[in-house]
Structures are given as C-alpha cells and as structure tokens.
Amino acid sequence: MAEAQLLAPVADTNRLPLPAMGGRFAPVQQFVRQPAVQRALPAIATTTAIGLAALAYFMTQSAPQAQLFAGLDDSDKAAVADALQSQGIGHTIDPTTGALTVDADKLYQARIALAGQGLPKAQPSGDSLIASLPMGSSRAIEGETLRSAREADLSRTIETIDAVKTARVHIAAAEPSLFVRDDKPATASVMLTLQNGRNLSDAQVQGIRFLVASSVPGMNADEVQVIDQRGALLSDGASSGDMKSFQLQMQMEDRFRRALETLLGPMLGSGNYSVEVHADVDMSESQATRESFPENDRALRTEQVSRVVSGQSTPPAVGIPGALSNQPPQATTVTNNAPAPTPAGAPTTDTQSNENSARAYEVGREISVTHQPQGRLKRLSIAVALNQGQKALTQADLAKIEGLVKGAVGYDQTRGDVVAISQRPFAKVDDVPPAFYDQPWFMPLAKQIGAVLAALLAFLFIGRPMIKSAKQRAAARAERDAEIEQSLLTATENRAALDAPRGGSAITLEMIEAAPSYEARANLVRAFVRQDSARAALVVRQLMQEGAHG
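Cut-offs used in this document
- Residues numbered from 1 in each chain as written.
- Predicted model: local features only at pLDDT ≥ 70, side-chain atom pairs only at ≥ 80, totals over all residues.
- Heavy atoms only, no water.
- Phe/Tyr/Trp six-rings, centres within 6.5 Å; stacked < 30°, edge-to-face > 60°.
- Buried < 20%, exposed > 50% of the residue type's maximum accessible area, 1.4 Å probe, protein only.
- Lys NZ or Arg CZ within 6 Å of the ring centre and 35° of its normal.
- Helix = DSSP H or I, 4+ residues; strand = E, 2+ residues; numbered from the N terminus.
- Polar contact = N/O pair within 3.5 Å; in protein donor to acceptor, adjacent residues only side chain to side chain.
- Patch = residues over 30% accessible without salt bridge, like charges linked within 9 Å, V, L, I, M, F, W, Y side chains within 5 Å.
- Areas by Shrake-Rupley, 256 points an atom, 1.4 Å probe, with all protein chains shown as cover.
- Salt bridge = Lys/Arg side-chain N within 4 Å of Asp/Glu carboxyl O.
- Contact = heavy atoms within 4.5 Å.
- Expected span 1.5 Å × (residues − 1).
- Arc of directions from axis to C-beta.
- Pairing = 2+ DSSP bridges.
- Axes fitted to C-alpha atoms, helices over the stretch in contact; angles between N-to-C directions.

Asker: Which residues make up the packing of aromatic side chains, and what are the values?
Answerer: Applying the stated criterion across every chain yields a total of one aromatic pair. For the ring pair Trp441 and Phe442, a centre distance of 6.4 Å and an interplane angle of 70° mean the geometry is edge-to-face. Judged by its relative accessible area of 24%, Phe442 is partly exposed. One residue, Arg255, lies across the ring of Phe256, its end atom 4.4 Å from the ring centre. Sitting above the plane of the Tyr411 ring, Lys406 keeps its charged end 4.6 Å from the centroid.

Right under this line is the structure:
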C-alpha cells in the first residue's frame, strides 16, 4: 500500500500525459522553463509590475472634465442632469462652484442630445421676445416687450466679458412728456455675477456703464449703477470725484518724478539721490461768457435822405369887399437864400423846403467764452535729497542742479512752486538677501528632488529585493534543471537507450518528476514500465480500485 502511494504521482502521469498545469497551459509552462526565459524573468517581472502600476494609476484617475454650460440656474441644472442620466452620459457636479461637467470627449455628444430635448431653457434673446409678440397687443405691452428685449440683448453682450459669468440689466425709463421741464432721464441698474476669483477694473466698469447708456436714448452714463453678486457697488469707485482727483494727482506726480529721475540718474548715479513730488491739482471746472460793445467801434451801414420843397403864389383880391377879405398879407420871412426878385407886374410866390435824413450804424459787439477745465495744476512742490559723499557739492553746483530741476518740471514762480534741494550723508542700509528657502525656485526644485528620492527609495527597498529574489529563484531553478539534465544524460544516452534501459542506470521517481519537458517525462515513464513492469501493474491496479470505490 505504501508502495502504491509512493508511485501515485507516476500513475497520475501515466493516466494524464500532461504537466501539472494541464494540457491547455503546457506550451506556456514549457516556454517559461526555457533557460533564456528564466534569465529574463526578473526584467519581465519588473516591467510587468511597472506597467500594472501605471495601468492602475490611469484607471483610478478620472477622465478630463469639461463644463457643459456656464451660468445655468438650478432648475436648468436639474433638468439637464435628468436628461444626461436618461441618455446614459455620466456627469459630475462640482461641490465648490456647482458647475455641471461631463467627460471632455463626450462634451459635444451631450450638447447635441440636450439640444434635441430643448435644453437648457436659457433666457430668451431680444429677437425671440419681439418675434413672440402677439398681434393686436396694446401699446403698453409693446413698450414692455421692447424694453425686455433690450435688457436681454444688453445682458448677453455684457456676458461676453471674460470675468462676467452672468448679467442682468434693468432699465427704468419714464414716459415722454410734451413739456421739457417734466422730462426725466432714463436710469439703469446692472447686476453682475463674476467668475470665481475674478474682479473688474474701474475701466471695465466704466465701459459697461457707457455700453448701457449708449444703447438707451437719453440716458447718461452717470445714471447707470453696477453691482456684483456680493452686493458691492462697483460704479461708486468709477464715478467718485475724489478718486478721479487722486488718480490725476498720482499721474502728474509720477510724470514729474520720472522726468527728474531721468535727469539726475546719469549725473549722480543710482542710489545717490531721492526725489519726492507733490502736485496740488484744482478739480473745479468753470465756464464764463462775456458780451461787450466797444465805444468807438461803429460803422455806417445805411443812410437815407428825403427832401420836400413846396411853393405858393399870392392870389388876387377877389370876393366881396369886407373886413376879412381886405386883410393885409402876412409878413414874409427873410432868409439868406432869398429867391430871385419877382418881375414887376408878376404875381408873388411863397416857397418852403423840408429835408429828412435816416442813418443806420453797425455797433461793434464782442463775445468772449472762457472755459477752465478740470485738473489744473495750482502748485508744485519738489524736494530733492542728495547723498553727500566724501566731497560735498558747492553752492554753485547746487544752484546748477536746482536750475535743471526747475527746467525739467516747468517751474512757475507766479504759481507759487517750491523746489528744495539738500545734501546729507545717506545712511547705509545692509541689504539682507532673502533666505534660499524663500526664493521662488526653491519649492519647485524641492518637489522635483523629493520625487526623485521617492523613486530611488522605492527602487532600493521594493524593486531591488524583488529583483534579487527573482534572480535567486531563477539561479536555483537553473541549477536544478542542470542537475536533472545531467541525471537524464547519465541515465539515458539517446532515445533508444530510454526504450531499453541498462541495468546499471535505474530510473527513479525523482527523475520522472523533475523532467524538463512533457516528452522527456513520457519517455522516462515508458522506460520505467519496461524496467519494472510488475511494480507498474500494481500501481495501475491500485488506481483502478480507487476509481471503482470513488
């Protein structure tokens, strides 16, 4: 019984003439047992491990995401999410920004699928509002629809700014009046939702105000107010007079400072002087109109003269004699221009002349308009500190420098400008360089070095022991194969010798189990049967009995 148990592996081999892994994997096992493959097995294992690690890393990493639509309402997001789920398209919602994202390679597929369902239901454009206006609408409804269309178009236009996520525009315009004094200017308010971490500059806010004001007739940019999603009034800083005055003052001072640095830099050298400029700017604006008439400035434009001459003769004495008819004639008026004497016997004549003259003069007129704009420089104060070296500058040198400074800034004594120049030894300031770990290049370099060290440690403590163990196993396997091969060569010199074994070279079970290939094992089994047929028959009988009982 013990002998049968001892020969059980050989009996199994006789029953299934295949390696232990089965006939399906026999070529693989035979390929792996080759010496060349055994020598390359550590490198193959290391490469396979790296490939599996890389594959696992890429499989665990999520696919690149792309935002599906920007500025969606929560109701639109819910409808879009349901539609994507019904279409079998995966999506995620950013917990920080609430943005709805899908895989980058499925972006356009998702948009086409949503467009087929009429999603998202975004705010209508101005053209769609006007097109949907029903016929027969009242004037009030038409006016409100046109206003809503204008607001929608302005909102879409403002949203094209990269820092603006969404925009809402509200326009308030009074009904036109026939009386000028009753007209009220239109006003507008703009609500902006900015992108995360983005802000608008004063110039951009002012641009939005002018954009809205230019789109509404009769609206001034000062009547447009802009706020953000936090409720901060953005248009306050853009329209504040104090802020404009301060910015203008800073620009003037910077211009004068740059001019002085350009002038004094080549003469004194960098670090040997210090310049401070203060500009007093008048932000008031005035306009005056004066009309005058010069006394001696006139010219004759038109003249019209009319002369009337009338004459009357002394009538003869007629009528009924009486008191009234016999009155003597009135006394005549003697003038220098006496008429010619009347001949004797001729009737006398009384002559009168009247002359009228009308002259029109053009009087001189002078109209003078004086406009004083904002930003007039009232006073300029300049202070220059010079570094006194081993040899101090003389008064003549200081006077020359002062003249150059006055010429560079446009010094005006009537304006009250002040220029002060002084020389003093400058205190030495030791410039302490920042530590190396505060340098901008330190952190990226530390990260790269840390990654390299982590890779080396992983190779030394994980990869190298695995490679060493694989090499040891390969060496032991190669040594055992060499011993088996030597034993086989000693037991059998050729194929014929296996069929007819020699008496001096007995085949053992260890030789059969350690055979390098299926063919060699089969030959050894056949030789073992020929060598001891009785023992082989006993083994076969024992196997048949075990099969019958099973």
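So much for the structure itself; the text now carries on.
Asker: Which residues make up the side chain of Thr145, and what are the values?
Answerer: Checked against the element boundaries, Thr145 lands in helix H8 (residues 139–158). We classify Thr145 as buried; its relative accessible area is 15%. There is a polar contact of 2.7 Å between the side chain of Thr145 and the backbone oxygen of Ile141.

Asker: Kindly report on a nonpolar patch on the surface, identifying the contributing residues and their values.
Answerer: Together, Phe436, Tyr437, Trp441, Leu445, Ile449, Val452, Leu453 and Leu456 make up a nonpolar patch on the protein surface, roughly 820 Å² of accessible area in all. With respect to the helices and strands, the residue Leu456 is situated in helix H13 (residues 442–491). According to the relative accessible area criterion, Leu456 is partly exposed, its value standing at 47%.

Asker: Describe the environment of Pro465, with residues and values.
Answerer: Positionally, Pro465 belongs in helix H13. Non-local contacts of Pro465, meaning those with residues more than four positions away in its chain, are made with Phe459 and Leu460.

Asker: Explain helix H5 (residues 74–87) to me, and be specific about the residues and the numbers.
Answerer: Here H5 is 14 residues long and its end C-alpha atoms lie 20 Å apart, about the 20 Å a rise of 1.5 Å per residue gives. All of the buried residues in H5 are Asp76, Val80, Ala81, Ala83 and Leu84. In a view along the axis of H5, the buried residues occupy a sector of 165°, so they form one face of it. When the buried face of H5 is taken as reference, the exposed residues oriented beyond 90 degrees from it are Asp74, Ser75, Asp82, Gln85 and Ser86. Looking at the buried residues of H5, the elements they touch are strand E2 (91–93), strand E3 (100–103) and helix H6 (107–116). Directly beyond the C-terminal end of H5, a positive phi value near 75° is found at Gly88.

Asker: Please provide a residue-by-residue account of the sheet that holds strand E5 (residues 186–194), values included.
Answerer: Pairing within the open sheet is mixed, and its three strands lie in the order E4-E5-E6. Looking along the sheet, the strands with just one partner apiece sit at the ends: strand E4 (164–172) and strand E6 (219–227). Direction aside, the axes of adjacent strands within the sheet are offset by 25° on average. Note: E5 against E6, five bridges, orientation parallel. Bridging from a neighbouring strand, Ala188 pairs with Val224 of E6. Packed on one face of the sheet, H8 meets E4 and E5 and runs near 150° to E4. Running over the sheet, helix H9 (residues 202–215) touches E5 and E6 and is turned about 130° from E6.

Asker: Talk me through the sheet that holds strand E1 (residues 65–67); I want residue IDs and the actual numbers.
Answerer: Taking strand neighbours across the sheet as the criterion, the three strands line up as E1-E3-E2 in an open arrangement whose pairing is antiparallel. Of all strands in the sheet, those with a lone pairing partner are E1 and E2, marking the two edges. The sheet shows a mean angle of 35° between the axes of neighbouring strands, direction not considered. Pairing between E2 and E3: three bridges, direction antiparallel. Bridge assignment links Ile93 to a residue of E3, and that residue is Leu100.

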